[in-house]
Amino acid sequence: MSAAKKNEDLPLIPESYFDAPTQRLYALSLGLLCQAVKVFDFFQYLLTYDEESWTVGYVVKWIVVDAFFILGLSLLRIPRLRYSSSVLALQLITLCLLDGVLFGSISLHLGIRAALSSAIVGQRGAAPFRVTDLVPTFGLFGTNDGSDPHLLGQHIVRMSPISTAQLNPYADAFCLESPGSVVLVPILLNNTTPIGIRYTLLPLGYGEGQEIVGKVETYDLNAKDIRAIEQSRQESLELTRTNANKRDINDPDYDEYDDDDEGESMESPADSLQKSQTMVHVHVAKPGTLRLERVIDSADFDARLTYPLEVVIAPCPKAEFVPDDISRGDNVKCAAPGILSGYKGSIPGEDVDFNLDIFGVPPLSLRWYEDVNGRREYFTVEGIVGDQTRGISEVPQKLQIPLTVSLGAIGMHTYTLEHVMDRYGNSMAPVHSSVTTRAVTVLRRPSVSFKTCGPGRPSSLLIGSETQIAITAHSSDPLDGLWDVGVRYTPSDKRHKGWEKQLRSQDSTKNIVLHATAPGEYTILGVKGKYCDGDVLSPETCKVIEMPLPSAQIEWKKIHECSGDTGVSASLVLRGTGPFQVYYQSQKDKEPPRELTKTIGGSRGEITLQPDQSGHYKFTFTHLSDANYKKIPLNGPSIEQVIHPLAFADFATRDNMTPGRTRRLISSCGGSHVDIPVDLKGTGPWNLNVQVVSPQGSELLQERNIPNPRYTVRVPIPSEIDRDGGSFEVALASVEDAYGCKRPLTVPSVSVNVRRAKPTAKFYAREKREVTVLEHEQASIPLRLTGDAPWTIKYRRQEAPNRIFSATLVTPNDHLAVNSDGSYELTEVSDVQCLGSIIPEESKFVVKWVSRPFARLSRDTESNYDAINGSHILPPICEGTLGHVDLDLSGRPPFQIMYNIARDNGAGGIKLLDQPAFNSIQPHTRFQLHTKEPGRMYYEVKQIGDAAYPLAKHRDHVIPLKDRLLFEQDVLMRPSAAFKSPNRLAYCVNDKFVTRDFTGFDGVIVLEGKPPFAITLSIKNLAAGETFHTTVEVDAMSWKLNIPGYSFNSIGPYSVTIDSVGDASRCEQTVPDALHRSIWIDAAETAAIVPFDRREHFCEGETAQFQLEGNPPWTVGYRINGKHHSQQAKSSPFSLALQRQGEFMITSVAHQQTMCKTAVTDLHYTVHPLPSAQVGNGKRILQDIHEGDQAEIVFTLTGEPPFTFTYQRSELQTKKSKKPPMILETHTVTGVTTKEYSIFSSLEGTWTVTFISDKYCRYPPVSPDAALDKSQR
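Residues numbered from 1 in each chain as written. Predicted model: local features only at pLDDT ≥ 70, side-chain atom pairs only at ≥ 80, totals over all residues. Heavy atoms only, no water.

Chemist: Where do I start with the sheet that holds strand S84 (residues 1123-1129) in this structure?
Modeler: Pairing between the strands of a sheet comes from backbone hydrogen bonds, and it takes one of two forms, parallel or antiparallel. Ordered in space as S81-S87-S86-S83-S84, the five strands form an open sheet in which the pairing is mixed. Each edge of the open sheet carries a strand with a single partner, namely strand S81 (1097-1099) and S84. Sheet twist, expressed as the mean angle between neighbouring strand axes with direction ignored, is 35°. The pairing of strand S86 (residues 1142-1151) with strand S87 (residues 1155-1168) spans eight bridges and is antiparallel. Looking across to S87, one finds that Glu1143 is bridged to Thr1166. (Pairing = 2+ DSSP bridges. Helix = DSSP H or I, 4+ residues; strand = E, 2+ residues; numbered from the N terminus. Axes fitted to C-alpha atoms, helices over the stretch in contact; angles between N-to-C directions.)

As structure tokens, this is what we get:
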């Protein structure tokens, strides 16, 4: 299975967030919540429905909600809530039909009326949106437009009071924002339902005696226009409320008190009207003076017009900036001198002049504000008028006025036009854009000075180099960078020439580096940025001084002691900047000179030179360094001197000598003398006095005429210590040189530790010097050591004798840790003092590893070995047959064996099925083979564990691929046969058993195994008790029943059973499935149909019943108005609803899946339409009359005369009334031969029709049970 397929099977929301039961709970809870809200809307629809309601809102709403829920549920892919596409479509269609039935767009023709709906809803209004208007109903469904389709219309008569109309009752101001915009002017109506409004639109300035462009226009609005205007206004208000609710509370201009103001402003004035008042609006798209001429109510009477009768609609005032240099990008200015902060102060700034274009009916007023770095200041300009000589005061004018502002602070200055108002009070807030806003950035003037150099703080310059002088900007704006700084150089001597040049800053940094290469005075002349010229601050000058080279005055002195001149000293007077480093050379005789150095912190210093060896020395000063210059050549005086140093002696350091704080230690492991080296200094030959101190006393040794500086003193070991061991000390007492100068010595003495027992080492074992450990585990070999800790031993592994290992041990019974197997041998041992010996007969130790377990195929197992892939090929075996192989195991029981089982995947690869493990306590075990599934099976022993190497601890160790035991086997599939579909087959009597439908799956036998197949079948006639057996040879993997030699000779059921099946593998067939082993065949007789009654005339919607003969299901064919139809019947009697008028005829009947078909020629019927009656041509007529007048109620009848109908008058019902209206009178009219009938009435009420009948039919029809009883009688 591919990864994409797996992802499609998984839920859209991973189960790591919500498991499947939780997702199902949430999804079903959401569905139940939607249905609960739908039930609430249904009762609300019934209880609040009035003449102005429209069911399209409910129907479309719930169709959309149900569709989103069904489709969303399928996209979530929740387990147990996933359905096929056909089921999803069925669910959606069912919910849509339910929505139509609940909310009045679909009604089922069941022969009865919904009394509950009619009682609660009352009078119906205009026809709403119907689902069946868009979907064909095929005669099964009828539409319900708010009343019964056969009893339509209402005629409402009511008494009308005096009606009035007032234009612009709240004295609002109106204006048009653009040529395409419109305004709605309200008209307050009292006791009036308008069906027409007439008004005129006069041009602005009309009647002032001036030349006016335009003409007087008259407009007439009918009831449809008025309703369209109101509907558009309501939609606009809903959109405005929605946008207000979405306002971002994180907006910096947001104020929670503004929400209250906006909420109050969005409240409709209709909310505060009285019960008798209504508000309508007229639609005005041109400027001018609107004059209300006439308002006609529903009774065709003129409403009384009240003051005022006119309102002025002018173009909305506008204000915007005239394009200038600032709008074209020149919006950066420099601060005036003295302005240093972002707050406005007393220092005036640069003036900026703007020009404004203002349009509107003068006089105009303008409100604008200045925003300086987030601080706003508001200004208002009133009384803006244009040319008064023109004399037109009501005509809008376009004016241009100046606006001057002062840039008195540093930062961002924003000037925004906020509000403009004309003479009629029309106020407009311009949208913030480039034409209503101007922004100017005021930059800080840059100022520069020298950073670390100035008067009294000169900058130092080294000879032949340069120095860096920093120029820094103290107050500058990054937007003004980069800056150009003018610098002038004035030389301090005639070696250099003066200059002036410009320096530019880099990357908007505030520091500029001046590279000075000559001494003199550097002056900043000025600074200029990208936009602004700056100021030069103090210090503006920097003096550069050239530093002199260091020098020294040197005086030599000789040092004279007992033996003569022992050295020299030099007194130095240094000039420069300390600290100083003096470099000098010391040369002895013909040897190469040695470079030496000495650091002197002050201006005076002294150097003493006393070499340790005699000779002719030459001392020379070569270089001098100070804080500024390094290694300046120094031509100082030299001195040559023959030097004889004083005699001195000290013990030399040896390998076996351990240094201490006051003395050094020497160990002696053999001999009667100890050799101690001594270093001598001075003029030889020397005489040396050595003192030996032991516990028994002390002895002074004298060494005469020692010629060399390095001399080894042979010190005898005191006899008692030489015999028993112990320690004594050797010290240097005095030394005398060739000049007879004797000098006592106080150098640290040497302590001699004398040992007479040498360390030894050997391996320890009670019996055999041998140990066995697990593979790669550490082996601990016991040792026995003598001597003083710590010991160092060396050993080797005889398998690699050239590699010597060493180890340090701290206890006499320590252990040697090794990680490899083999024979180990000790080669050397030493303790802290002496080198010891190895005991030869106990110097070797053997380390062995425990062998790992392994498995091999037993010789008794039949197999063929394939040397190419190293696999054992086992004989083939049938599917489900028990099979095994025998394994021989080596190791320490019990054994654990882990192996892989794999099978061919059919694409040339191998699919791993399992990695099982089993245990065995015997070295000979039996390995069960996997034969449950057919195919090529592969077995690979991957890991083997035993008592020494259990798999729990050695799970990471696997057998190498080349050493693994492999074997494979073919598992042959058992043959099987089963019917693909359990559906019953149908034949007629005397038919042959041959295939009729070659495309379907009925009667198909699916085969598994290796072709060819032999199928044994038995056909049993249950009615006759006969059984027919046959065997069929099949070469394909499926076969459809086709036995031409067998015929169905009697009526009744037949059973076809698969007795056995065999294939080419000779394996025994699988256990057949009883459900798919056999199928049934029905042999049927000819079908027939008989009507219940012999009526020839039916009414539309009635039901015709028939008795069917034969075996179900039946297929009944019929023709309606020449069009053929068919319908299945599963039981008898069979009912057929006659939903279409015209000719109806039964043409045929068949059973057994449309077989055994019989033609019918004697069942003909005529279906008549139901009669209908309409009041007011099926519409809702609302007629207002005054006292003394009469209203004509017209009834329109449809059908075949003569007619009989019943009408009634009920009381008027208000919108808030929850009770059904009371019936005031009821009348029945009979024998009407015309299709129109009228009555006159001066009474108030609602006139409706409740019953109608014609020559053939009546409405409402009688119930189906009553009709059936009538037909039977």
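Don't stop here, the text continues.
Chemist: Can you help me understand the sheet that holds strand S36 (residues 604-609) in this one?
Modeler: The strand order S32-S33-S36 describes an open sheet built from three strands, whose pairing is antiparallel. Of all the strands in the sheet, the pair left with one neighbour each is strand S32 (551-561) and S36. Averaged over all neighbouring strand pairs, the angle between strand axes comes to 20°, with direction disregarded.

Chemist: So what exactly am I meant to see when it comes to the environment of Gly891 here?
Modeler: Examined against the element boundaries, Gly891 turns out to sit in the loop between strand S63 (884-890) and strand S64 (895-904). With a relative accessible area of 45%, Gly891 lands in the partly exposed category. As for Gly891 and Tyr949, which are separated by 58 residues in sequence, their C-alpha atoms are 9.2 Å apart. Once you skip the residues sitting within four places of it in the chain, Gly891 turns out to touch Pro853 and Asp946. (Buried < 20%, exposed > 50% of the residue type's maximum accessible area, 1.4 Å probe, protein only. Contact = heavy atoms within 4.5 Å.)

Chemist: I tried to follow the nonpolar core on my own but got confused; where do I start?
Modeler: Within soluble globular proteins, side chains that are nonpolar tend to cluster in buried spots. In this structure, Phe354, Leu356, Ile358 and Leu366 are the most contacted members of the largest nonpolar core, which totals 28 residues. Sorting the residues of this core by element identifies strand S14 (318-321), strand S16 (350-360), strand S17 (364-372), strand S19 (397-407), strand S20 (411-421) and strand S22 (437-443) as the ones contributing at least two each. Here the element with the most residues in this core is S19; it accounts for five residues. In this view, Leu366 contacts Ala319, Leu356, Ile358, Phe379, Thr380, Val381, Ile384, Leu417, His419 and Val420; residues no more than four positions away in its chain are not counted. Counting 27 residues, the second largest nonpolar core, distinct from the first, contains Val678, Val690, Ile706 and Val735. (Core = buried A, V, L, I, M, F, W, Y, C linked by side-chain atoms within 4.5 Å.)

Chemist: Teacher, can you tell me more about the pattern of salt bridges here?
Modeler: A side chain with one charge can pair with a side chain of the opposite charge if their charged atoms come near. One pass over the structure, following the stated rule, counts 38 salt bridges. Glu217 is the partner of Lys286 in a salt bridge, and the nearest nitrogen-oxygen pair spans 3.0 Å. With Lys286 in the loop between strand S10 (277-284) and strand S11 (288-297) and Glu217 in strand S9 (residues 217-222), this pair connects stretches of sequence that are 69 residues apart. Glu217 sits in the buried class, given a relative accessible area of 18%. Residues joined by salt bridges that share partners form a network here, namely Lys38, Asp66 and Asp99. (Salt bridge = Lys/Arg side-chain N within 4 Å of Asp/Glu carboxyl O.)

Chemist: What is the right way to look at unusual backbone geometry in this model?
Modeler: Generally, phi is negative for residues other than glycine and the peptide bonds are trans, each holding for most cases. Look at the link from Ser538 to Pro539: it is a cis peptide, with omega at 0°. Cis geometry marks the peptide bond from Pro893 to Pro894, where omega comes out at 0°. If you trace the backbone, Pro894 turns up in the loop between S63 and S64. Here Asn373, not a glycine, exhibits a phi torsion of approximately 55°, which is positive. Within the element layout of this structure, Asn373 appears in the loop between S17 and strand S18 (375-384).

Chemist: When you look at a nonpolar patch on the surface in this model, what are you seeing that I'm missing?
Modeler: Taken together, Leu12, Ile13, Tyr17, Phe18, Leu25 and Tyr26 make up a surface patch of nonpolar side chains, about 640 Å² in accessible area. Within the element layout of this structure, Tyr17 appears in the loop between helix H1 (3-9) and helix H2 (20-48). (Patch = residues over 30% accessible without salt bridge, like charges linked within 9 Å, V, L, I, M, F, W, Y side chains within 5 Å. Areas by Shrake-Rupley, 256 points an atom, 1.4 Å probe, with all protein chains shown as cover.)

Chemist: What is the right way to look at the state of the cysteines in this model?
Modeler: Should the sulfur atoms of two cysteines be covalently bonded, the bond is a disulfide. Enumeration according to the criterion identifies six disulfides in this entry. In this model Cys453 forms its disulfide with Cys542; the gap between the sulfur atoms is 1.9 Å. Judged by the torsion about the S-S bond (90°), the Cys453/Cys542 disulfide is right-handed. Here Cys453 is found in the loop between strand S23 (447-450) and strand S24 (459-461), whereas its partner Cys542 is found in strand S31 (residues 541-546), with 89 residues between them in sequence. As far as the burial class goes, Cys453 and Cys542 line up, both buried. (Disulfide = S-S within 2.5 Å.)

Chemist: What's the story with the packing of aromatic side chains in this structure? I'm lost.
Modeler: Each aromatic ring pair is summarised here by two numbers: the centre-to-centre distance and the angle between the ring planes. Under the definition given, this model contains 39 aromatic pairs. Between the aromatic rings of Tyr1046 and Phe1048, the centroid separation amounts to 5.8 Å while the plane-to-plane angle is 90°, which identifies the pairing as edge-to-face. Overall, the relative accessible area of 0% leaves Phe1048 in the buried class. With centroids separated by 6.2 Å and ring planes inclined at 35°, the aromatic side chains of Phe1205 and Tyr1207 adopt a geometry described as tilted. Both residues of the pair, Phe1205 and Tyr1207, belong to the buried class. Following the ring pairs from residue to residue traces out a cluster consisting of Tyr987, Phe993, Phe1028, Tyr1046, Phe1048 and Tyr1054. A cation sits over an aromatic face here: Lys631 above Tyr583, 4.9 Å from the ring centre. Stacked on the ring of Phe1098, the Lys or Arg Arg1095 has its end atom at 4.2 Å from the ring centre. (Phe/Tyr/Trp six-rings, centres within 6.5 Å; stacked < 30°, edge-to-face > 60°. Lys NZ or Arg CZ within 6 Å of the ring centre and 35° of its normal.)

Chemist: Looking at this structure, I do not really get helix H4 (residues 85-102). What am I missing?
Modeler: An α-helical segment advances 3.6 residues per turn. Residues three or four places apart therefore align on the same side. The end-to-end C-alpha separation of H4 is 26 Å, in line with the 26 Å expected for 18 residues at 1.5 Å each. Turning to H4, its buried residues are Leu88, Leu95, Cys96, Asp99 and Gly100. Looking straight down H4, one finds its buried side chains confined to an arc of 140°; they lie on one side. Away from the buried face of H4 by more than 90 degrees, exposed residues Ser86 and Leu90 are located. (Expected span 1.5 Å × (residues − 1). Arc of directions from axis to C-beta.)

Chemist: What is the right way to look at the confidence of the model for the protein chain in this model?
Modeler: Should the pLDDT be low somewhere, the predicted coordinates at that spot are not to be read in detail. Put simply, the protein chain has an average pLDDT of 82, and 89% of its residues get 70 or more. The secondary structure element of the protein chain with the lowest average pLDDT is strand S2 (residues 141-142), at 34, and the one with the highest is strand S53 (residues 791-797), at 93. Overall, residues 260-266 carries pLDDT values under 50, and its contacts beyond four positions in sequence, including any with other chains, amount to four contacts. Between residues 1266-1273, whose pLDDT stays under 50, and residues either more than four places distant or in other chains, the model counts four contacts. (pLDDT = per-residue confidence, 0-100.)

Chemist: What should I look at first to understand the environment of Val295 in this one?
Modeler: Counting through the fold element by element, Val295 comes out in strand S11. For Val295 and Thr192, which are 103 residues apart along the polypeptide, the C-alpha to C-alpha distance reads 9.1 Å. Apart from the residues within four sequence positions on either side, Val295 is in contact with Ala165, Leu189, Thr192, Pro194, Gly196, Ile197, Phe301, Asp302, Ala303 and Leu305.

Chemist: Looking at this structure, how should I read the side chain of Asp371?
Modeler: Summarising the element assignment, Asp371 is placed in strand S17. A distance of 3.3 Å separates the side chain of Asp371 from the side chain of Arg376, its partner in a polar contact. Setting aside its immediate chain neighbours within four residues, Asp371 contacts Arg376, Met412, His413 and Thr414. (Polar contact = N/O pair within 3.5 Å; in protein donor to acceptor, adjacent residues only side chain to side chain.)

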